[in-house]
Amino acid sequence: MDLLAKELTYKPETEFHLNNISFGMKKGEIYTILGRTLSGKTTLLKTIAGLVTPQSGRILFDGKDLNSVPVWKRNIAMVYQQFINYPHLSVFENVAFPLRQRGVSNSELNLRVLKAIDRVGLKDFEKRKIQELSGGQQQRVALARSFVKEADILLLDEPLVNLDYKLREQLREEFGKIFNSEFSSESILVYSSTDPMEAMQLGGETIVLDEGKILQQGPASEIFENPATTRVAEITNDPAMNLLPGYIQDSKVVIASKIELPIPKHFRNLSPGPYTFGIRSSDISLNKNGHKFAVGLAEISGSETFLHAQHEEVSLVGQLDLVKNFNVGEKVSLKFDTQKLYAFELDNRLVSSPFQEFGRG
């Protein structure tokens, strides 16, 4: 294990930012720290970088305790959500700054700076001043300055959140190429995000962080398919997975004592009794033979409509692959894809998913 964190705790005043967490990271791998706002993502990255000192615990890199290494001696690069550039310098000089500080030769410096600038799509912008760039372009300058350092650990703290959608998509694809390029193949890339789709697109390993605790760690696809708890299911889906109280009885799934559904094959080993059932918004559709719901709100986003609906005490969100206006209070018929249902114990632990049968323990 190349980077190993043991029992890290950071507790400013009375609130935990990190609560006794441990994890390992290997060189040549991508890691996404996924969590909602205030989950501790930025604090964790700052702790690795040395900008925050934990109250307890250690961070080991190649067996050496980083707590004893000054910040300026750690070969770590970090890009913040609120990017930092030097406004009096050109794009080229902004990117070149860390290399000049290290005394890198002019020939190597030019090669590495131009390569990094090209990687982030700013070729031919080398002589521009920062004030002449858009916000998105300025963020890309900050990214290029982190890439050019060829750091052992590259920390990206929600670096794309302030960019437009098209540019975010473009740079997400570039991260994989950049990371697998010759100069970064021995690095560790740690990327924090509130967006579960970013974790899926980046691939690699995902660490789900919530209220300073690690809830689950594993390949992004594995966590998406088999969230360990209801909280993980909420965090790893946008919109959050619908969680509905109900029970299994007489080979049926009954939600809130009103909505009866045929039991899916992957539930057949579950004992009768109460559960929390989970279903993604994308697995709910309009169907004339479905169950009656009243529209509470309809949000059109691009080619999709997010439909907030209610059936007595059951509230849910459906992600419909269409653009349609709905009136508040309008009655709609919604169908659940029962083969995509999840079952969680009342202690919030996953016991059955469409991808794996756990049985009830």
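We now turn to the structure provided with this report. (Residues numbered from 1 in each chain as written. Predicted model: local features only at pLDDT ≥ 70, side-chain atom pairs only at ≥ 80, totals over all residues. Heavy atoms only, no water.)

## Here's the deal with the overall build of the chain
(1) Moving on: Counting its secondary structure elements, the chain contains eight helices and 21 strands.
(2) Moving on: Referenced to the eigenvectors of the C-alpha coordinate spread, the extents of the chain come out at roughly 75 × 45 × 40 Å.
(3) Moving on: Residues counted as buried form 50% of the 361 residues belonging to the chain.
(4) Moving on: Residue pairs at least 24 apart in sequence account for 64% of intrachain contacts in the chain once pairs closer than 6 positions are excluded. (Helix = DSSP H or I, 4+ residues; strand = E, 2+ residues; numbered from the N terminus. Buried < 20%, exposed > 50% of the residue type's maximum accessible area, 1.4 Å probe, protein only. Contact = heavy atoms within 4.5 Å.)

## Details of the pattern of salt bridges
(1) Moving on: Counted according to the given criterion, the structure contains twelve salt bridges.
(2) Moving on: Here Glu93 makes a salt bridge to Arg100, at a shortest N to O gap of 2.9 Å.
(3) Moving on: Assessed through its relative accessible area of 40%, Arg100 is described here as partly exposed.
(4) Moving on: A salt bridge links Arg112 to Glu150; the shortest N-O distance between them is 3.2 Å. Of this pair, Arg112 sits in helix H3 (residues 106-119) while Glu150 sits in the loop between helix H4 (135-147) and strand S7 (153-157), placing them 38 residues apart in sequence.
(5) Moving on: Owing to a relative accessible area of 14%, Arg112 belongs among the buried residues under this scheme.
(6) Moving on: Each of Glu108, Arg112 and Glu150 takes part in salt bridges that share partners, so that together they form one network. (Salt bridge = Lys/Arg side-chain N within 4 Å of Asp/Glu carboxyl O.)

## Let's talk about unusual backbone geometry
(1) Moving on: For the peptide bond that leads from Asp238 to Pro239, omega is 0 degrees, which places it in the cis range.
(2) Moving on: Looking at the secondary structure, you find Pro239 in the loop between helix H8 (230-235) and strand S11 (242-249).
(3) Moving on: Residues other than glycine seldom take positive phi values, yet Asp250 does so here, at roughly 55 degrees.
(4) Moving on: In this fold, Asp250 is placed in the loop between S11 and strand S12 (252-255).

## Focus: the sheet that holds strand S4 (residues 56-61)
(1) Moving on: Spatially, four strands are ordered S2-S1-S4-S5 in an open sheet, and the strand pairing comes out antiparallel. Edge positions in the open sheet fall to strand S2 (18-25) and strand S5 (64-65), since each of these has one partner strand only.
(2) Moving on: Where strand S1 (residues 3-10) meets S4, five bridges bridge the pair, whose relative direction is antiparallel. Note on S4: the bridge partner recorded for Ala5 is Ile59.
(3) Moving on: In this fold helix H1 (residues 41-49) packs onto S1, S2 and S4, with an angle of close to 60 degrees to the strand it touches most, S2. (Pairing = 2+ DSSP bridges. Axes fitted to C-alpha atoms, helices over the stretch in contact; angles between N-to-C directions.)

## Thoughts on H1
Think of an α-helix as turning once every 3.6 residues; residues three or four places apart then point the same way.
(1) Moving on: Among the nine residues that make up H1, seven are buried, leaving the element largely enclosed by the rest of the structure.
(2) Moving on: Listing the buried residues of H1 in full gives Lys41, Thr43, Leu44, Leu45, Thr47, Ile48 and Ala49.
(3) Moving on: Gly50 occupies a position one or two residues after H1 and carries a positive phi of about 95 degrees.

## Details of the packing of helix H2 (residues 91-102) against H4
(1) Moving on: Close contact between H2 and H4 brings their axes to 8 Å; oriented N to C, the two are set at 30 degrees. Remark: the crossing between H2 and H4 carries right-handed chirality. For the pair H2 and H4, contact is made by Val91, Asn94, Val95 and Pro98 and by Val141, Ala144 and Arg145, respectively.
(2) Moving on: Of the residues contributing to the contact of H2 with H4, the split by class is five nonpolar, one polar and one charged. (Left-handed = near helix turned anticlockwise from the far one by under 90°. Nonpolar A, V, L, I, M, F, W, Y, C, P; charged D, E, K, R; others polar.)

## Re the packing of aromatic side chains
(1) Moving on: Enumeration over the complete set of coordinates arrives at five aromatic pairs.
(2) Moving on: Here the aromatic rings of Tyr342 and Phe344 are separated by 6.4 Å at their centres, their planes lie at 15 degrees, and the arrangement is stacked.
(3) Moving on: Classification of Phe344 by relative accessible area gives buried; the value is 0%.
(4) Moving on: One aromatic cluster is present, built from ring pairs that chain together Phe267, Tyr275 and Phe277.
(5) Moving on: Lying across the ring of Phe224, Arg280 places its NZ or CZ 3.8 Å from the centre.
(6) Moving on: We note Lys324 situated over the ring of Phe326; from NZ or CZ to the ring centre the distance is 5.4 Å. (Phe/Tyr/Trp six-rings, centres within 6.5 Å; stacked < 30°, edge-to-face > 60°. Lys NZ or Arg CZ within 6 Å of the ring centre and 35° of its normal.)

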